Amino acid sequence: MSNQATEKIIAALIKNDAYKMNLDAVTWKHSAWPQPFRFTRNYVPGGSFTFEGDVYQYLPMLLSRAGQDGNLNQTWSITLQDLNDEVQAAENLIPIDSTEYPTIEIRTFEYDKRDRTVTLLEGPYATNTAGISYDSKGALIEAAAERVNVNGTGFKMSPDRFATLRPLMR
C-alpha cells in the first residue's frame, strides 16, 4: 500500500512535471552600461541557463510583488544579494545629468532538466526602477510597471489601439 506522497511523485513522473521547474528571471539594463545584468533566483544545474542567446546567472535574490493599486499599476521589490559593489559600480556609470532610469524586465521561464530546454511562460513585464537602496541584505530595487490609464481598465487608450478615439483627439 502506497502513501499519498508516493502517489504524487509517481503522478509527477508520469506527467514529466518532476523534470520541469519554473524560473523567475530579471534583466536589468541602462543605455550607459556595456551589458545588462541577467539573473535568475532559481538554481539550475550549472548555475545558469540560456534563452534566445542571453545567459541568466543564478543569484540569491528576493523577488516579490510589492503591490497593485486599483488602477492596475504594479510594483515589485527586488533584493539582489551579494551585489552591492557591482550595482554601485553600475550606478556610477550613469551620468549625473541623465534623466533615464534603469529598466527591469521580469520573466518566468519553464526549464526542463532532461534536455535543458527553456520556454517562456510569462513576460517580459517591463518596469522602471523607482529607487535603489543598500543594506546588509543586498541592493534593494523598487520597480514600477509602466503607468496605464487612470480609469482602471488597464488598457492604454491611444488612437493606434482604438481607432474610434481618433475623432475625439483632434
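As the structure is a prediction and not an experimental result, all values here were calculated from the model.

Caption draft 1: Just the pairing of strand β4 (residues 54–58), in detail. The pairing of strand β2 (residues 37–40) with β4 spans two bridges and is parallel. Looking at β4, one finds that Thr 40 is bridged to Tyr 58. Relative to β4, strand β3 (residues 48–51) is paired through four bridges, and the arrangement is antiparallel. Looking at β4, one finds that Thr 50 is bridged to Val 55.

Caption draft 2: Here's a closer look at the confidence of the model for the chain. The share of residues in the chain with pLDDT of 70 or more is 68%, and the mean pLDDT across the chain is 75. Here strand β5 (residues 61–68) stands out as the element of the chain with the lowest mean pLDDT, 66, in contrast to β3, whose mean of 92 is the highest.

Caption draft 3: Structural view of unusual backbone geometry. In the segment running from Gly 123 into Pro 124, the intervening peptide bond is cis, with an omega of 5°. By secondary structure assignment, the location of Pro 124 is in strand β8 (residues 118–135). The phi dihedral of Glu 52 is positive, around 50°, even though this residue is not glycine. Positionally, Glu 52 belongs in the loop between β3 and β4. The exposure class assigned to Glu 52 is exposed, which follows from its relative accessible area of 70%. Of note, Arg 116 is a non-glycine position whose phi angle comes to about 60°, a positive value. Along the polypeptide, Arg 116 turns up in the loop between β7 (103–112) and β8.

Caption draft 4: Here's a closer look at the side chain of Arg 107. Along the chain, the position of Arg 107 falls in strand β7. Residue class for Arg 107 comes out buried when judged on its relative accessible area of 13%. A polar contact of 2.9 Å, which involves the side chain of Arg 107, links it to the side chain of Glu 105. Apart from the residues within four sequence positions on either side, Arg 107 is in contact with Leu 23, Asp 24, Ala 25, Thr 27, Tyr 56, Leu 120, Glu 122 and Pro 124.

Caption draft 5: Inspection of the side chain of Asp 112 at higher detail. Structurally, Asp 112 can be placed in strand β7. By relative accessible area, which is 8% here, Asp 112 ends up buried. Here the side chain of Asp 112 touches Arg 114 through a polar contact of 2.7 Å, side chain to side chain. Asp 112 has contacts with Tyr 19, Lys 20 and Thr 117, leaving out every residue within four places of it along the chain.

Caption draft 6: Layout of the pairing of β3. Here β3 shows one buried face, formed by Phe 49 and Phe 51, and one open face, formed by Ser 48 and Thr 50. The antiparallel hairpin formed by β3 and β4 contains two residues in its connecting segment, where Glu 52 sits at a positive phi of about 50°.

Caption draft 7: Structural detail: the nonpolar core. The biggest cluster of nonpolar side chains holds 18 residues, and the ones touching the most others in it are Trp 28, Ile 78, Leu 80 and Ile 104. Broken down by secondary-structure element, the contributors of at least two residues to this core are β1 (20–29), β2, β5, β6 (74–80), α2 (84–93), β7 and β9 (138–145). Looking at this core element by element, the count peaks at three residues for β9. If we skip the residues at most four places from it in the chain, Ile 104 touches Val 26, Thr 27, Trp 28, Ile 78, Tyr 125, Ala 126, Thr 127, Thr 129, Ile 141 and Ala 143.

Definitions and cut-offs
- Residues numbered from 1 in each chain as written.
- Predicted model: local features only at pLDDT ≥ 70, side-chain atom pairs only at ≥ 80, totals over all residues.
- Heavy atoms only, no water.
- Pairing = 2+ DSSP bridges.
- Helix = DSSP H or I, 4+ residues; strand = E, 2+ residues; numbered from the N terminus.
- pLDDT = per-residue confidence, 0-100.
- Buried < 20%, exposed > 50% of the residue type's maximum accessible area, 1.4 Å probe, protein only.
- Polar contact = N/O pair within 3.5 Å; in protein donor to acceptor, adjacent residues only side chain to side chain.
- Contact = heavy atoms within 4.5 Å.
- Core = buried A, V, L, I, M, F, W, Y, C linked by side-chain atoms within 4.5 Å.

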